[in-house]
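Observations on the model geometry
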Amino acid sequence: MNHLANSTSPYLLQHANNPVNWYPWGPEALKKAKDENKLILVSIGYSACHWCHVMEHESFEDEKVAAVMNEYFICIKVDREERPDIDQIYMSAVQLMSGRGGWPLNCICLPDQRPIYGGTYFRKNDWTSLLFNLADFYKQKPAEADEYAVKLTEGIKQYESIGIVKEQPEYSKDDIQLIVDNWKKYFDKEEGGMGSSPKFPMPNNWQFLMRYAYLMNDSEIAQVVSLTLKKMAFGGIYDHIGGGFARYSVDGRWHVPHFEKMLYDNAQLVSLYSEAYTWKSSQLYKQVVDEIITFTLRELSLPEGAFYSALDADSEGVEGKFYTFIKAEIEEILGADAELFCIYYNITDEGNWEEEQTNVLFKKDKDLNLANKLGIVLEDMVANVEASRKKIFEARASRIRPGLDNKVLASWNGLMLKGLCDAYRAFNKVEYLETALKNAKFILGNMVDTDGRLSRIYKGKNNDSIAFLDDYANVIDAFIALYEVTFDENWLNQAQILTDYAIIHYYEESTGIFYFTGDEDEQLIARKSEIMDGVIPSSNSVMAHNLRKLGLLFDVQEYLDISAQLLRNILPHMAKYGSAYSNWASLLLNEIFGVYEVAITGTNAEAFRMEIENNYIPNKIILGGTKGSLPLLQDRFNNTTQVFICKDKTCSLPVDNITDALKQINSKILI
């Protein structure tokens, strides 16, 4: 075994028996590179990554390839989910060199960690040739290698960097309109989503566009959002047997997924479909949310309340084998009911995927339309298919399962906690709240120390203290959400403690941006900031939302000032590429339309909260209960239950029912 044998990362342990003399990232490997004046080979991936497995099998398990790697390089394996700071730097390098990125990510660096070459997946022969060429280049032309490293490192430092904007602009609907008008050209109005293929769910994109459609009364955008939510839920990217979404579809129809299931995708999709249900009460959205949560509890949860990271795409070395079926298998399991099930999920003898006879289950028709086509009573059809689904699920459970990445990450647990709170808001299902509270108590009890410092990874009693801005941002966001559904100020106080720590150790006042890494953590060749929203919203955009909410709830001007600074720094960049700034755009919406502070006080506060949550008000925060110390709640508790609608430091007269409260909101919504 190599130096990865004592790792806790499932991804690193996958490589512990490679003939490559892998090291984990750390002082030992970095010192060895300098002492021996050898190039560093940094190879980055994650446990559920299909092409990472392919490259491992083709190259890293090959004795001859390993011999070349061991002879000329100090080889370091990195789990990108454990060390996103390292991944961020070398991904920037590869994108600067090639204009594209992905995983596996392979970067060749000088002994001082500065990169000189990189790429993603390499075929075995190409990889071996590249290694020989780079080793020879460094030996023959070290000065030229250093010159290139200087330029590339400077590029990494500037990549995605932005300047500070000191003048506060006046935001208007024209600003947000311009972002969306430029974005529209990328919408797929036939299949939903954006572009052609591959297609990623991008939950935050559609969350923003849903809010935009509602607040701007834009029926065209509303239609694209509804189409996308339906197509994703009907497609093969969704697991119709066990629940949960795969990471993306390789085609433009959401049909064939890249089969790994990630906690971060499913957490955000719970939030998206929950909010969509409040917007337009589709039973499809409700079903999707419940099935994702059921899947997560069944396959990605610890008994103590935390959530694991991912399920692999492969089982038995074959991508998607656990999830796909040939028609004969379905017929054997279901007998006479197989015909209807196969029609419902488009299962054919020849198969609907590239693998011979293999089927990925997906839907084309709404239930009512299909029942009418088949001349079947709708209720009978739905009941029959549901009974068949259970039988298929039981049969599938006997298969060899995909590998589990059992890392517990603070950031992704924060996303799931937020999702559970959003689901509880939409559906008032007590099990969702109980699960949320259990997870929050786990995070607080096991991943936060007495100084308000997070640990990114839960490792029992031996947690590392290192965490990144996304850990703070997403846990803070989740604790705020938990307060809004419980009115327990403990969660809000914990959010404030984490926020204050993040400001002290991650915020740079001179640039008006948070760094991704803390000032007390390992310093790499560049200290980067995460600006652009991707599959997960950027940590800076989440912090900007958090600070605005906390600034309003605690009446702390510093929080509001930092949030405002963050947004005005980003605004000049948003119109060109809306998809990469969707969470920022949601913040801009709040600036344009304002945020309603809904304070509910009194013995029936919880019932009133549930009632107001049935109405779609995307630009609100909610607070209250039977007691409370927040500034907006002072002197507002008496023997009756009251609702105060406040905005821009002005409150309307209290009302004693939700109907009148909604009238106050609706009368102001266009102000």
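Below, the structure is looked at part by part. Fair warning: this is a prediction, and the values are worked out from it, not measured in the lab.

Now for the packing of aromatic side chains. Aromatic ring pairs: the centre-centre distance and the angle between the two ring planes describe each pair. Counted by the stated rule, this structure contains 30 aromatic pairs. With a centroid separation of 5.2 Å and 55 degrees between ring planes, the pair formed by Trp-51 and Tyr-121 is classed as tilted. Separated by 70 residues along the polypeptide, Trp-51 in helix α3 (residues 50-60) and Tyr-121 in the loop between β5 (115-119) and α6 (124-140) bring together distant segments of the chain. Since its relative accessible area comes to 40%, Trp-51 is described here as partly exposed. The class for Tyr-121 is partly exposed, based on a relative accessible area of 22%. Seen from their ring centres, Tyr-507 and Phe-514 are 4.9 Å apart, and the 50 degrees between their planes marks the pair as tilted. For Tyr-507, a relative accessible area of 16% gives the class buried. For Phe-514, a relative accessible area of 0% corresponds to the buried category. Site record: aromatic cluster; members linked through ring pairs are Trp-183, Phe-187, Trp-206, Phe-208 and Tyr-212. In this structure, Arg-80 packs its charged tip against the face of Trp-103, placed 4.0 Å from the ring centre. Above the face of the Phe-234 ring, Lys-363 is positioned so that its terminal group lies 4.4 Å from the ring centre.

A few words now on the sheet that holds strand β3 (residues 73-79). Ordered in space as β1-β3-β2-β4-β5, the 5 strands form an open sheet in which the pairing is mixed. Of all strands in the sheet, those with a lone pairing partner are β1 (23-24) and β5, marking the two edges. Inspection of the sheet shows strand β2 (residues 39-45) paired to strand β4 (residues 105-109) by 5 bridges, in the antiparallel sense. Paired with Ile-44 across the bridge in β4 is Leu-105. Sitting on the sheet, helix α2 (residues 27-36) is in contact with β1, β2 and β3, with an inclination near 160 degrees to β3. Against the sheet, helix α4 (residues 63-72) touches β2 and β3, its axis set at about 105 degrees to β3.

Parameters and conventions
Residues numbered from 1 in each chain as written. Predicted model: local features only at pLDDT ≥ 70, side-chain atom pairs only at ≥ 80, totals over all residues. Heavy atoms only, no water. Phe/Tyr/Trp six-rings, centres within 6.5 Å; stacked < 30°, edge-to-face > 60°. Helix = DSSP H or I, 4+ residues; strand = E, 2+ residues; numbered from the N terminus. Buried < 20%, exposed > 50% of the residue type's maximum accessible area, 1.4 Å probe, protein only. Lys NZ or Arg CZ within 6 Å of the ring centre and 35° of its normal. Pairing = 2+ DSSP bridges. Contact = heavy atoms within 4.5 Å. Axes fitted to C-alpha atoms, helices over the stretch in contact; angles between N-to-C directions.

So, to be careful, I would describe these as geometric facts and stop short of saying anything about function.
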